[in-house]
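A structural walkthrough
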Amino acid sequence: MLAECGRTKVLCTVGVQDSVPNWMYNRHNGGWLTAEYSMLPNAGQPRKPRDGRTGRPLDGRTQEIQRLVGRALRCAIDLTMLPECTLWVDCDVLQADGGTRTTAINGAVVALYDALLYMEEQKQLPKWPLRGMVAAISVGLVNGEPLIDLDYQEDSSADADLNVICASNGKLIEVQGAAEKQPFALEQFQQMIALGQKACVQVDELQRKALGL
Ligand code: UDP
């Protein structure tokens, strides 16, 4: 699944591995879902070394983003309804212009749905495990005004930068946010979240359209 949002493009795939992580053995029924995120070297400027090539562990940003993608998707799925397996969500950024994590989440949910349809066809699912979709959007404060879906230029000049992740029913799954330059007021925070929630409804519609639902 190629997820595109403006100039940002993220290839999202979901693969099924027939085992669960060691810590899950004899502890839980069902399966697990985990995510990996990576940017191609020239997806943004300047060139970013390929993961693992510098001899240093994964950078903090990559770890933060892949854990966010995994958490968001696990919130949408009943893991006990999976057979003993691990769903590997891979999000690879081909081109970056702001909002790569939100685009990764939006595309990954569509890829997850597709993977589950395949598992259902193969009679591997006792019950449909997806509770609903997950939609994500970036929101920022630019010149004091809340703005959604920031590109790199807007992102780098924003006073505050939020990522809002919602379930299909509009409820919040996660909000990541910080004042990049100027501290912001609670009212502005609430305004940004409300704007993000509204945008997530539109993303949800696009995801359903992509899946033909
Ligand atoms: N970016 C980049 N190289 C990097 C990190 C970030 O080119 O190593 C650019 C890219 O356009 C990205 C934007 O900076 O989309 C904002 O990055 P941020 O960490 O805020 O995450 P994102 O908005 O992509 O989820």
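My aim in this report is to walk through the structure given alongside it, one point at a time. (Residues numbered from 1 in each chain as written. Predicted model: local features only at pLDDT ≥ 70, side-chain atom pairs only at ≥ 80, totals over all residues. Heavy atoms only, no water.)

Let's talk about the sheet that holds strand β3 (residues 32-39)
Heads up, the rule is: Strand pairing follows a simple DSSP-based rule, namely that at least 2 bridges must link the two strands. Strands are runs of DSSP state E lasting at least 2 residues, helices are runs of H or I lasting at least 4, and numbering of each runs from the N terminus. Axis angles are defined between N-to-C directions and span 0 to 180 degrees, where every axis is a line fitted to C-alpha atoms and, for a helix, only to the segment in contact. We call two residues in contact when some of their heavy atoms are within 4.5 Å.
Read from one edge of the open sheet, 4 strands run β1-β2-β4-β3, paired in mixed fashion. Since the sheet does not close on itself, it has two edges, and those belong to β1 (2-5) and β3, each with one partner. Averaged over all neighbouring strand pairs, the angle between strand axes comes to 20°, with direction disregarded. Sitting on the sheet, helix α1 (residues 60-74) is in contact with β3 and β4 (86-95), with an inclination near 145° to β3. Packing of helix α2 (residues 100-121) onto the sheet brings it into contact with β1, β2 (8-17), β3 and β4, and relative to β2 it is tilted by some 35°.

With respect to the environment of Q17
Test applied: For each residue, the accessible area found with a 1.4 Å probe, counting protein chains only, is set against the maximum for its type, and the residue is called buried under 20%, exposed over 50%, and partly exposed in between.
Tracing the chain through its elements places Q17 in strand β2. Of the residues examined, Q17 reaches a relative accessible area of 36% and is grouped as partly exposed. Sequence spacing of Q17 and M119 is 102 residues, and the spatial spacing of their C-alpha atoms is 12 Å. When neighbours within four sequence positions are excluded, Q17 is seen to be in contact with C85, T86 and W88.

Re the sheet that holds strand β6 (residues 145-148)
The 4 strands lie next to each other as β6-β5-β7-β8, forming an open sheet whose pairing is antiparallel. The open sheet has two edge strands, β6 and β8 (172-179), and neither has a second partner. The average undirected angle you get between the axes of adjacent strands in this sheet is 20°. Here 7 bridges tie strand β7 (residues 160-167) to β8, and the two strands are oriented antiparallel to one another. Following the sheet pairing, D161 is matched in β8 by A178. Strand contacts of α1: β5 (134-142), β7 and β8, with the helix running at about 155° to β8, the strand carrying the most contacts. Most of the contacts of helix α4 (residues 186-211) go to β5, to which it runs at about 140°, and overall it touches β5, β6, β7 and β8.

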